[in-house]
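# Architecture and fold: a report
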Amino acid sequence: MFHWFATMTEAEQIHVLELQRDLLRRLAGQQTNPSPMIALATLAEALSKRAATLDILTNKYFEGDETQNLKILTKIRIDAFTKGRPEGKKERQYRIQLHGLVQELRDSNLSWRNCATYLKKHHRYTISHQRLMQLFKKYSKEE
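This is a predicted model, so every value here is computed, not measured.

Cut-off values and rules
Residues numbered from 1 in each chain as written. Predicted model: local features only at pLDDT ≥ 70, side-chain atom pairs only at ≥ 80, totals over all residues. Heavy atoms only, no water. Salt bridge = Lys/Arg side-chain N within 4 Å of Asp/Glu carboxyl O. Helix = DSSP H or I, 4+ residues; strand = E, 2+ residues; numbered from the N terminus. Buried < 20%, exposed > 50% of the residue type's maximum accessible area, 1.4 Å probe, protein only.

Right, let's talk about the pattern of salt bridges for a bit. Taken as a whole, this structure holds three salt bridges when the rule is applied. In this structure, Arg131 engages Glu91 in a salt bridge whose closest nitrogen and oxygen atoms are separated by 3.2 Å. Residue Arg131 is found in helix α7 (residues 129-142), and its partner Glu91 is found in helix α5 (residues 89-107); the two are separated by 40 residues along the sequence. Across the salt bridge formed by Lys138 and Glu91, the nearest N and O atoms sit 2.6 Å from each other. Note that Lys138 is positioned in helix α7 and Glu91 in helix α5, a separation of 47 residues in sequence. Judged by relative accessible area, Lys138 falls into the partly exposed class, the value being 38%. Relative accessible area serves as the criterion here: at 12%, Glu91 is assigned to the buried category. One network of salt bridges, with partners in common, ties together Glu91, Arg131 and Lys138.

Written out as structure tokens, the structure reads:
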């Protein structure tokens, strides 16, 4: 795979390195300074994801117009990043325990920052005010 990476065009290499960067950022919560072995492992995973998307292009669904193929490939890539992500521990805790409380806090005219501070102080739940707003809107739409 690394030989294949070396023969890629610069634009393809940049795309693979962006995938690697995203994978390393996901691991950043677990380790502050990843080792070279982890960097190589994430590069290998990014290369395998790139190979999978290229294999999809050879599928029978990709016959025809090139712009249509690119639109389909872009949608597949976006879906892989957005739908493939499982719900995290903190998000599950928010959904189960804290959504109703945040709704009450917002009904009493507290700002998002004050709500986040309240959760940190009284429930030991650390979250940014922006992420709190995202989760609130996400789970308010589902109700």
